[in-house]
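Commentary on secondary and tertiary structure
Spelled out, the chains give:
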Amino acid sequence: MTTQAAAVLDAPPLGTTMRALVKGSAAPGAQIREVPVPQPGPGEILVKVLAASVCGTDVHIERWDPWAQENFGPPPMIFGHEMAGIVVARGPGATRIPLGELIAAETHWVDWTCYQCRTGRAHICQNNRTLGVKVPGAFAQYVVMPEVNAWVSDRLTPEIAALQEPLGNAVHAAFVEEVAGQTALVTGCGPIGLMSIGVLKIAGARSVFATDINPERLAMATQMGANLALDARDDVVARLKAETDGNGVDIVLEMSGSAAALHQGLAAVTNGGRVSLMGTHAVPATLDLSQEVIFKGIRIYGITGRRLWDTWYRTTALLEEGLDISPVITHRLPLGDYAKAFDLVASGHAGKIVLLPQEEA
Ligand SMILES: [Zn+2]
Ligand SMILES: [Zn+2]
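Residues numbered from 1 in each chain as written. Chains lettered and ligands numbered in written order. Predicted model: local features only at pLDDT ≥ 70, side-chain atom pairs only at ≥ 80, totals over all residues. Heavy atoms only, no water.

1. Some points on the coordination of the zinc ion (ligand 1)
Our working rule: Any nitrogen, oxygen or sulfur atom within 2.8 Å of a metal ion counts as a donor, with the limit raised to 3.2 Å for Na, K and Ca, and since water is left out, coordination shells can look unfinished. A run of H or I in DSSP counts as a helix once it spans at least four residues, and a run of E counts as a strand once it spans at least two, with each numbered from the N terminus. Exposed residues in this analysis have more than 50% of their type's maximum accessible area, buried residues have under 20%, and partly exposed residues fall in between, with area computed by a 1.4 Å probe over protein chains only.
Taken together, the protein ligands of the zinc ion (ligand 1) are Cys55 (SG) and His81 (NE2), with distances of 2.0 to 2.3 Å. Taken together, the residues Cys55 in the loop between strand E3 (44–53) and helix H1 (56–63) and His81 in the loop between strand E4 (77–78) and strand E5 (82–90) connect sequence positions 26 residues apart. There is no split in this pair, since Cys55 and His81 are both buried.

Right, dumping it as structure tokens:
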């Protein structure tokens, strides 16, 4: 029996409705609607959502940009995926996680049967369906999910538990190779970039440098432990060479999706270094492969999702060792204030925003 066991009493009776943020139609915007509480089917659990943080993906969906038009839904559908909450009901066969447990979601619903899933690479499942993108999401008072996707997080607060999903992206990007004793550059200090600074520091990186063009984000980078936070429009490469005995950095984590940052990172990485690419590009980037990659003998990794479940174990261990990602959270808002949240994220004047579905707006 856990301390949250009392919450079991909150399991909603059949036929109850809930507040949810719905992408109502194939057009910009979103709406708060009263919809039926979903019921868990075989192997599924019903979770009372206590915290759901806003991701850039959610802004794409709300704004209905070309990516969202191609990948979301179809509408009407609830969106939102970074979440944590209490298990309040279990469908047939869902027996592993007790009622009352605080869980977070691995947001990729993978099939466990394709070539990648059967060879230890389920994070790049050929038939992945993402929570809140292809299946009804977590910007709601309740959400149904496969029990296998739930990650027990009973030693965390709900907001930190919810942030494990994007934090896992940072952990995945950082640990594709050794970190301890190395110098690292993080390009792009959005929430995942900021969290990766904390990850690199606690993992024993020798120095962590960060770039962005937003002074608020650079200040947060310093707060997360960056040894040096640089305006990307300055001569970053010269400065980093000077900071590294003329060598350049061992590790680059590209978190911005900006072509300029990509070129800067490739120029700053030392010969034989490695680059993790996590920021996604709205338009294709062009590289001089010979000069920027081949003759430097560097390794480039495309990073998506979290390795199942290695990344989650490692993320939990880092949080237990004292990794503090709370400075990344700048706003906590009731679900009804979603429009303000999306505007804040789009404006760049925010770190992570946590929506609280159980609070009245
Ligand atoms: Zn996300
Ligand atoms: Zn698969």
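Still to come is the rest of the account.
2. Concerning the coordination of the zinc ion (ligand 2)
Tetrahedral coordination by four donors places them ideally at 109.5 degrees to one another around the metal; octahedral coordination by six donors ideally gives 90 or 180 degrees. Operational definition: A four-donor site is classed as tetrahedral when every donor-metal-donor angle falls between 85 and 135 degrees; four donors are called square planar, and six octahedral, when trans pairs exceed 155 degrees and all remaining angles lie between 65 and 115, with any other arrangement labelled irregular.
Around the zinc ion (ligand 2), the donor atoms from the protein are Asp111 (OD), Cys114 (SG), Cys117 (SG) and Cys125 (SG), and they sit 2.0 to 2.3 Å away. One can describe the site at the zinc ion (ligand 2) as tetrahedral: its 4 donor atoms subtend angles covering 96 to 120 degrees at the metal. Linear spacing of the donor residues for the zinc ion (ligand 2) on their chain is D-x2-C-x2-C-x7-C. Here Asp111 falls in the partly exposed class, since its relative accessible area comes to 24%. Residue class for Cys114 comes out buried when judged on its relative accessible area of 9%.

3. Side note on the domain arrangement of the protein
Condition: In this entry, domain limits derive from an automatic or database-based domain assignment. Residue contacts follow a heavy-atom distance rule, with two residues in contact if any of their heavy atoms lie within 4.5 Å. Two parts placed together each lose some accessible area under a 1.4 Å probe, and the buried area is that loss summed for both. In protein, a polar contact requires one atom able to donate a hydrogen and another able to accept it; more generally it is a pair of N or O atoms within 3.5 Å, and residues adjacent in sequence count only if both atoms are side-chain atoms.
Domain boundaries assigned for the protein yield domain 1 (5–168 + 307–356) and domain 2 (177–302). The C-alpha centroid of domain 2 is placed 29 Å from the C-alpha centroid of domain 1. Each partner contributes residues to the interface: domain 1 has 17 residues there, and domain 2 has 13 residues. Both sides together, the interface formed by domain 1 and domain 2 hides about 1,300 Å², and carbon and sulfur atoms give 74% of it. Connecting domain 1 to domain 2 are 2 residue pairs in polar contact (both at pLDDT 80 or more). The element best represented in the side of domain 1 that touches domain 2 is helix H3 (residues 158–174), accounting for 3 residues.

4. Section: the sheet that holds strand E12 (residues 207–212)
Test applied: Two strands are said to pair when DSSP picks up at least two bridges between them. Angular values range over 0 to 180 degrees, each being the angle between N-to-C directions of two axes fitted as lines to C-alpha atoms, with helices fitted over their stretch in contact.
Pairing is parallel in the open sheet, where 6 strands are placed in the order E13-E12-E11-E14-E15-E16. Only two strands of the sheet have a single neighbouring strand rather than two, namely strand E13 (228–231) and strand E16 (299–302). For this sheet, the mean inter-axis angle between neighbouring strands, taken without regard to orientation, is 20 degrees. Sheet analysis places E12 next to E13, joined by 4 bridges and oriented parallel. By the bridge assignment, Asp212 is partnered in E13 with Asp231.

5. With respect to the side chain of Arg217
Where we set the bar: When charges are counted, Lys and Arg contribute as positive and Asp and Glu as negative, whereas His and the chain ends are disregarded. A pairing counts as a salt bridge when a side-chain nitrogen of Lys or Arg comes within 4 Å of a carboxyl oxygen of Asp or Glu.
Locating Arg217 in the fold gives a position in helix H5 (residues 215–223). For the buried residue Arg217, which engages in no salt bridge, the nearest side chain bearing the opposite charge is Asp212, 4.4 Å off. Residues in contact with Arg217, not counting those within four places in the same chain, are Cys189, Gly190, Leu194, Asp212, Gly348 and Ala350.

6. Looking at the state of the cysteines
Selection criterion: Throughout, a disulfide means two cysteine sulfur atoms within 2.5 Å of one another.
All told, the structure shown has 0 disulfides when counted by the stated rule. Between Cys189, a cysteine without a disulfide, and Cys55, which holds the nearest cysteine sulfur, the sulfur-to-sulfur distance is 17 Å.

7. Looking at a nonpolar patch on the surface
Defined as follows: Residues forming no salt bridge and having over 30% relative accessible area are the ones grouped into patches, like charges within 9 Å of each other and nonpolar side chains (Val, Leu, Ile, Met, Phe, Trp, Tyr) within 5 Å. What sets the accessible areas is the Shrake-Rupley method with a 1.4 Å probe; for residues, cover comes only from the shown protein chains.
Together, Leu289, Ile294 and Phe295 give the surface a local cluster of nonpolar side chains, amounting to about 350 Å² of exposed area. Its location among the elements puts Ile294 in helix H8 (residues 289–294). In this structure Ile294 comes out as exposed when scored by relative accessible area, which is 54%.

8. Topic: the packing of H3 against helix H9 (residues 310–320)
Stated precisely, the cut-off is as follows: To sort the angles, those under 35 degrees are grouped as roughly parallel, those over 145 as roughly antiparallel, those from 65 to 115 as roughly perpendicular, and the leftovers as oblique. Each helix crossing is assigned a hand: it is left-handed if the near helix lies turned anticlockwise from the far helix by less than a right angle, otherwise right-handed if that turn is clockwise. The classification used treats Ala, Val, Leu, Ile, Met, Phe, Trp, Tyr, Cys and Pro as nonpolar, Asp, Glu, Lys and Arg as charged, and all other residues, Gly among them, as polar.
Taken N-terminus to C-terminus, the directions of H3 and H9 make an angle of 110 degrees; their axes are 9 Å apart at the nearest point. With respect to H9, the element H3 is oriented roughly perpendicular. Remark: the crossing between H3 and H9 carries right-handed chirality. Residues Ile160, Gln164, Glu165, Leu167, Gly168, Val171 and His172 of H3 form the contact with H9, whose participating residues are Thr311, Trp312, Arg314, Thr315, Thr316, Leu318 and Leu319. Grouping the constituent residues of the contact of H3 with H9 by class yields 6 nonpolar, 6 polar and 2 charged.

9. Some points on the side chain of Glu106
Relative to the assigned elements, Glu106 resides in the loop between strand E6 (102–105) and strand E7 (108–109). Residue class for Glu106 comes out buried when judged on its relative accessible area of 0%. For Glu106, the side chain forms a polar contact with the side chain of Arg306, separated by 2.7 Å. A distance of 2.7 Å separates polar atoms of two side chains, one belonging to Glu106 and the other to Trp312.

10. Topic: H9
We apply this condition: Of all possible arcs, the one meant is that of the directions from the helix axis to the C-beta atoms.
For H9, the complete set of buried residues consists of Thr311, Trp312, Thr315, Leu318 and Leu319. One side of H9 holds all its buried residues, which, seen down the axis, span an arc of 125 degrees. When the buried face of H9 is taken as reference, the exposed residues oriented beyond 90 degrees from it are Tyr313 and Glu320. Among the structural elements, E6, strand E10 (150–152), H3 and helix H4 (191–202) are those in contact with the buried residues of H9. Positive phi appears at Gly322, one or two residues downstream of H9, with a value of about 115 degrees.

11. Concerning the pattern of salt bridges
Applying the stated criterion across every chain yields a total of 11 salt bridges. A salt bridge links Arg306 to Glu106, with the nearest nitrogen and oxygen atoms 2.7 Å apart. With Arg306 in the loop between E16 and H9 and Glu106 in the loop between E6 and E7, this pair connects stretches of sequence that are 200 residues apart. In this pair, the class of Arg306 matches that of Glu106, namely buried.

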